[in-house]
Amino acid sequence: GKAVEILSSGAVAGNAEKHLPSLAQKGTSLMQLRGLAASQPQQRAADFLLAQGRRLDSRVLSALAVRVSDDPFSKVKKMIKDLIVRLMEEANEEA
């Protein structure tokens, strides 16, 4: 919503080249590559736990399967995105 609007506005567009190092502008980051590699075993474990939870009629195993399939870095990523939006808003106010 608001973040996309700010990031795509004329006040912000084109400033990446000026303010970000060139490595930060690459399409795929090392964390994304690492996340892709880690997600396959993580998803397999979640699938196994879910199947066993159903087979044994165990709500605990089913809940654990959901927890395992969740992205462990989702809260951290959200905090970083919120921080970037706030910094960009402050930069726009100063400009």
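Look up a bit, the structure's there.
Owing to the predicted nature of the structure, the values given are computational and were not obtained by experimental measurement.

A. Structural context of the overall build of the protein. Looking only at helices and strands, one finds 5 helices and 0 strands in the protein. The linear arrangement of helices and strands in the protein, starting from the amino end, is α-α-α-α-α. Intrachain contacts of the protein at a sequence separation of at least 6 include 44% that bridge at least 24 residues.

B. Broad picture of a negative patch on the surface. On the surface, a cluster of negative charge is made up of E89, E90, E93 and E94. One can find E94 in helix α5 (residues 74-94).

C. Molecular detail of the environment of A46. Here A46 shows up in helix α3 (residues 30-55). A46 sits 16 residues away from S62 along the chain, and the two C-alpha atoms are 8.8 Å apart. Each residue touching A46, except ones within four places of it in the same chain, is listed here: A65, V68 and S69.

D. Quick peek at a nonpolar patch on the surface. Taken together, F73, V76, I80 and I84 make up a surface patch of nonpolar side chains, about 350 Å² in accessible area. Examined against the element boundaries, I80 turns out to sit in helix α5. On the basis of relative accessible area, I80 is assigned to the partly exposed category, the value being 47%.

E. Structural context of the pattern of salt bridges. Enumeration according to the criterion identifies 1 salt bridge in this entry. A salt bridge links D82 to K78, with the nearest nitrogen and oxygen atoms 2.8 Å apart. A residue pair is termed a helical-turn pair when its members lie 3 or 4 positions apart in one helix, as D82 and K78 do in helix α5 at 4 residues.

F. Up close: unusual backbone geometry. Located in the positive-phi region is D57, a residue other than glycine, with phi close to 55 degrees. If you trace the backbone, D57 turns up in the loop between α3 and α4 (59-69). We classify D57 as exposed; its relative accessible area is 70%.

So, how was this worked out
- Residues numbered from 1 in each chain as written.
- Predicted model: local features only at pLDDT ≥ 70, side-chain atom pairs only at ≥ 80, totals over all residues.
- Heavy atoms only, no water.
- Helix = DSSP H or I, 4+ residues; strand = E, 2+ residues; numbered from the N terminus.
- Contact = heavy atoms within 4.5 Å.
- Patch = residues over 30% accessible without salt bridge, like charges linked within 9 Å, V, L, I, M, F, W, Y side chains within 5 Å.
- Areas by Shrake-Rupley, 256 points an atom, 1.4 Å probe, with all protein chains shown as cover.
- Salt bridge = Lys/Arg side-chain N within 4 Å of Asp/Glu carboxyl O.
- Lys, Arg positive; Asp, Glu negative; His and termini not counted.
- Charge placed at Lys NZ, Arg CZ, Asp CG, Glu CD.
- Buried < 20%, exposed > 50% of the residue type's maximum accessible area, 1.4 Å probe, protein only.

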